[in-house]
Protein chains: 2
Amino acid sequence: MSRYLGIDIGGTNVRVAVVDEMGEIIEEIKRPSLATEGPEIVLNNIVDMINNLEHFKDCLGIGIGIPGPVDTERGCVSLATNLKGFTGYPIVDFFKNEFKLPVYMDNDANVAGLAEALVGSGKGKRVVYYFTHSTGIGGALVVDGHVVSGNKGYAGEVGNIVIDRSRPRLSDVNSLNAGAVENEASGSAIVRKAQKLIDPEITSGYQVFKLYEEGNEAAKEIIDNMSYDMGMMLSCIAHVCDPHVFVVGGGVTKSRDLYWDKMIAAYQDLVHPQMRDTEFVMASLEEPGVIGAAMLCYSKEEL
Amino acid sequence: MSRYLGIDIGGTNVRVAVVDEMGEIIEEIKRPSLATEGPEIVLNNIVDMINNLEHFKDCLGIGIGIPGPVDTERGCVSLATNLKGFTGYPIVDFFKNEFKLPVYMDNDANVAGLAEALVGSGKGKRVVYYFTHSTGIGGALVVDGHVVSGNKGYAGEVGNIVIDRSRPRLSDVNSLNAGAVENEASGSAIVRKAQKLIDPEITSGYQVFKLYEEGNEAAKEIIDNMSYDMGMMLSCIAHVCDPHVFVVGGGVTKSRDLYWDKMIAAYQDLVHPQMRDTEFVMASLEEPGVIGAAMLCYSKEEL
């Protein structure tokens, strides 16, 4: 069975793993990513990790997942926000030169979506839309086992979709659109709204869900609006690609019992009747990042 | 060079043509589609047309374009609105039985988009988003030369994307969402708004554009709002698939000199900065329907 090397570069940690074509991790090393030290130190640290993998010699290719939109043609990050100095840095070429293997790279949400589509909850479905409902909101479109990255790697930047143009622009928070779903329905949006409406000491979405369960009216309003706003975003996505399944990951889904029914009802209300039976399932992989990174090689080989 | 048969079934006319893999029409027949007569008469009429094509014997497969969302797995139309009795009718199986050739079918906008992506204005681009700005608004996502049809064929039904949830629902017009872009920015939406704000005798979008040129303030407001609403829809699409190019067809584009700059400026204002240079080009094929239908075979063969 073919094996590939996956590299999952995050703002805090980096993982390298040898993964087989079924998505099983054979061997893995994890270290701090040293994200503030600049590309050379970060990448040489990764090279050293790879050289410590006993089974790297079996790998047919290298796949990389990284935060931020990825220019897949040039093999660099279009805009790196939590990896200092990485914007435009030729990461793919670096690993090609170092190891003389095929190297592929894509955005972390895209590789996680690919992993879920190939060996996770979306397995066997032709059009899989994966999204994370977390501190932020991001997505990935996977068609016939291939990630659609787009022109500059911005496919999946669904957090910037406007779900209500009448909302205020939050220039003090970020540069997203006024009414962007990430500023209205993400984990951090819930916290921000709860701090304003309920208690400035609130620090987590979990607390807001707990207040909701306890019957707090303001918390109910925040969660209900969030559910509707998510449904609006999902209807936009579905009218573009009509997925066979939505695979959902991210921390906010821990409270899914308290909002999925409303989110899905809003989605169903905002799509054509024949689109209402689209499935929503939880992401199922523990480490979709490093598995999906490795599977990028498998996915590209197939073409 | 390989040749394929394209069938373009419309509510008024049907075209059959032998098309080569470069998208050149070798031979074509056009007849009324007899859309109210039911599937058997419509389809037997098409069989007769095909049997009158001298070069059909060279064709390696049959591709069909048809109005309405297409269930590509079952080979039928999910919801036929202007072809009586066609909802769920096994069209693909009918032609397979009749001619013992591979048969593929997709929605008319999807096949037009495929034609533009393979041999028209989107040629050579990996992710092409085609849309028609016409009486209605519809689109097609083509990735690496393959149409993304989706679960029930509703990919591309972008006319139902909500660009402003505060607009009234037009239950007397259709069942689209309140604030659906098709009800706010299509050719028929422009006419409807102009009838209300300017003159109930207005019957075409062209008249509204003419009034705009003459300095009519209400016409200016209608066109400017339409341009912004289109930009909003396009930003939603781009955040899902980040196309390398938007290819635009449809009757409203005849007046593109009067609104494209504003539409594109709105789009650019509503996307991440790195997405602002996405190209917008006019569709270039005279008969994308029948060419794209034939190219479906080419596209499927490749996989």
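Structural notes, computed from the coordinates. Owing to the predicted nature of the structure, the values given are computational and were not obtained by experimental measurement.

1. Quick look at the overall build of chain A
Then comes step 1: Secondary structure summary: chain A contains nine helices and twelve strands in total.
Then comes step 2: Radius of gyration (C-alpha) of chain A: 20 Å, near the 19 Å computed for a compact globule of 303 residues.
Then comes step 3: Considered along the principal axes of its C-alpha atoms, chain A spans approximately 60 × 45 × 35 Å.
Then comes step 4: Pairs at least 24 residues apart make up 62% of the contacts formed inside chain A by residues separated by at least 6 positions.
Then comes step 5: A total accessible area of about 11900 Å² is found for chain A, and carbon and sulfur atoms account for 47% of it.
Then comes step 6: The distance from the centre of the 26 positive side-chain charges to the centre of the 42 negative ones in chain A is 3 Å.

2. Remarks on the pairing of strand β9 (residues 137–143) of chain A
Residue and element names in this part refer to chain A.
Then comes step 1: Within β9, seven of the seven residues are buried, which leaves the element mostly enclosed by the surrounding structure.
Then comes step 2: The side-chain alternation of β9 yields two buried faces, one formed by Ile 137, Gly 139, Leu 141 and Val 143 and the other by Gly 138, Ala 140 and Val 142.
Then comes step 3: Where strand β8 (residues 127–133) and β9 come together, seven bridges link them in antiparallel fashion. Bridge pairing links Phe 131 to Gly 139 in β9.
Then comes step 4: What sits between β8 and β9 in their antiparallel hairpin is a turn of three residues.

3. A closer look at the environment of Gly 65 of chain B
Residue and element names in this part refer to chain B.
Then comes step 1: Looking at the secondary structure, you find Gly 65 in strand β4 (residues 59–66).
Then comes step 2: Judged by its relative accessible area of 0%, Gly 65 falls in the buried class.
Then comes step 3: Once the C-alpha coordinates of Gly 65 and Met 233 are considered, the two residues, 168 residues apart in sequence, prove to be 25 Å apart.
Then comes step 4: Ignoring sequence-local partners within four residues, the contact set of Gly 65 consists of Ile 7, Asp 8, Ile 9, Asp 106, Val 111 and Ala 293.

4. Examining the pattern of salt bridges
Residues and elements named next belong to chain B.
Then comes step 1: Counted under the stated rule, the structure contains 35 salt bridges over all chains.
Then comes step 2: Glu 287 is the partner of Arg 15 in a salt bridge, and the nearest nitrogen-oxygen pair spans 3.0 Å. Of this pair, Arg 15 sits in strand β2 (residues 13–20) while Glu 287 is found in the loop between β12 (279–282) and α9 (288–302), placing the two residues 272 residues apart along the sequence.

5. What about the state of the cysteines?
Then comes step 1: Counted under the stated rule, the structure contains zero disulfides over all chains.
Then comes step 2: Its sulfur unpaired, Cys 76 of chain A is 18 Å from the next cysteine sulfur, which belongs to Cys 297 of chain A.

6. Remarks on the relation of the copies chain A and chain B
What relates the two chain copies is a rotation about an axis together with a slide along it.
Then comes step 1: With an RMSD of 0.1 Å, the fit of chain A onto chain B corresponds to turning through 180 degrees and sliding 0.0 Å along the axis. Each copy turns onto its partner about a two-fold axis.
Then comes step 2: The share of interface residues of chain A whose copies in chain B are also at the interface is 98%, consistent with both copies meeting through the same surface.

7. Some points on the sheet that holds strand β7 (residues 103–107) of chain B
Residue and element names in this part refer to chain B.
Then comes step 1: Read across the open sheet, the five strands follow the order β3-β2-β1-β4-β7; overall the sheet is mixed. Of all strands in the sheet, those with a lone pairing partner are β3 (25–32) and β7, marking the two edges. Strand-to-strand, the axes of this sheet are offset by a mean angle of 15 degrees, without reference to chain direction.
Then comes step 2: When β4 meets β7, the two strands line up parallel, connected through five bridges. Within β7, the position partnered with Gly 65 by the bridge is Asp 106.

8. Structural notes on the interface of chain A and chain B
For an interface, size is often stated in terms of accessible area lost upon the parts coming together.
Then comes step 1: Across the contact, 49 residues belong to chain A and 49 residues belong to chain B.
Then comes step 2: Across the chain A to chain B interface the summed buried area is about 4000 Å²; carbon plus sulfur atoms make up 54%.
Then comes step 3: There are six salt bridges connecting chain A and chain B.
Then comes step 4: At the junction of chain A with chain B, the criterion picks out 28 residue pairs in polar contact (both at pLDDT 80 or more).
Then comes step 5: At the level of elements, β8, β9 and α7 (217–241) of chain A are the ones that each hand at least two residues to the side of chain A that touches chain B.
Then comes step 6: In terms of residues, the side of chain A that touches chain B owes the most to one element, α7 of chain A, which gives nine residues.
Then comes step 7: Its residues assigned to classes, the side of chain A that touches chain B shows 24 nonpolar, 13 polar and twelve charged.

9. Side note on the sheet that holds strand β11 (residues 245–249) of chain B
As a general point, the strands of a sheet are linked pairwise by backbone hydrogen bonds and lie either parallel or antiparallel.
Residues and elements named next belong to chain B.
Then comes step 1: Strand order in the open sheet formed by five strands is β10-β9-β8-β11-β12, with mixed pairing between adjacent strands. Pairing within the sheet leaves two strands with one partner each, and these edge strands are β10 (146–147) and β12.
Then comes step 2: Across two bridges, the pairing between strand β9 (residues 137–143) and β10 is antiparallel. Residue pairing in the sheet places Val 143 in a bridge with His 146 of β10.

10. Section: the packing of α7 of chain A against helix α8 (residues 260–269) of chain A
All names here are of chain A.
Then comes step 1: Relative to each other, α7 and α8 sit at 45 degrees, their axes nearing to 7 Å. Between α7 and α8, the angle falls in the class oblique. Every pair of crossing elements has a handedness; the one defined by α7 and α8 is right-handed. Of the residues in α8, those touching α7 at Lys 220, Asp 224, Ser 227, Tyr 228, Met 230, Gly 231, Leu 234, Ser 235 and Ala 238 are Lys 262, Met 263, Ala 266, Tyr 267 and Asp 269.
Then comes step 2: Split by residue class, the contact of α7 with α8 holds seven nonpolar, three polar and four charged.

Rules used in this analysis
- Counting restarts for each chain: residues are numbered from 1 in the order of the written sequence.
- Chains and ligands are labelled sequentially in the order written, the chains with letters from A and the ligands with numbers from 1.
- In view of the model being predicted, local features appear only for residues whose pLDDT reaches at least 70, and side-chain atom pairs are presented and counted only at 80 or more, with totals across whole chains, interfaces and linings using the full set of residues.
- Here the side-chain values reflect all heavy atoms present in the structure, with hydrogen atoms and water set aside.
- Note on conventions: DSSP H or I runs of at least 4 residues are helices, E runs of at least 2 residues are strands, and numbering of each starts at the N terminus.
- Every radius of gyration here is taken over C-alpha atoms, with the globule rule written as 2.2 Å times N^0.38, N being the number of residues.
- Any two residues having at least one pair of non-hydrogen atoms within 4.5 Å are treated as being in contact.
- All accessible-area figures derive from a Shrake-Rupley calculation using a 1.4 Å probe, and residue coverage is judged against the displayed protein chains alone.
- Counting rule for charge: Lys and Arg are taken as positive, Asp and Glu as negative, and neither His nor the chain ends is counted.
- To locate a charge, the coordinates of NZ of Lys, CZ of Arg, CG of Asp or CD of Glu are taken.
- Under the scheme applied here, a residue whose accessible area is under 20% of the maximum for its type counts as buried, over 50% as exposed, and between as partly exposed, the area being computed with a 1.4 Å probe on protein chains only.
- Two strands are said to pair when DSSP picks up at least two bridges between them.
- Salt bridges are defined by distance alone: a side-chain nitrogen of Lys or Arg within 4 Å of a carboxyl oxygen of Asp or Glu.
- The term disulfide is used for any two cysteine sulfur atoms that are within 2.5 Å.
- Only residues with pLDDT of at least 70 in both copies count here: their C-alpha atoms drive the least-squares fit that superposes the copies.
- All axes are obtained by fitting lines to C-alpha atoms, using only the stretch in contact for helices, and the reported angles, taken between N-to-C directions, cover 0 to 180 degrees.
- Two parts placed together each lose some accessible area under a 1.4 Å probe, and the buried area is that loss summed for both.
- N or O atoms closer than or at 3.5 Å make up a polar contact, with two conditions inside protein: a donor-capable atom paired with an acceptor-capable one, and, for residues adjacent in sequence, both atoms drawn from side chains.
- Under this grouping Gly is polar, as are all residues other than the nonpolar Ala, Val, Leu, Ile, Met, Phe, Trp, Tyr, Cys and Pro and the charged Asp, Glu, Lys and Arg.
- Throughout this description, any angle smaller than 35 degrees is read as roughly parallel, any larger than 145 degrees as roughly antiparallel, any in the 65 to 115 degree range as roughly perpendicular, and the remainder as oblique.
- Crossings are assigned a handedness: left-handed for a near helix turned anticlockwise from the far helix by less than a right angle, right-handed for a clockwise turn.

Function cannot be read off these values alone, since they describe shape.
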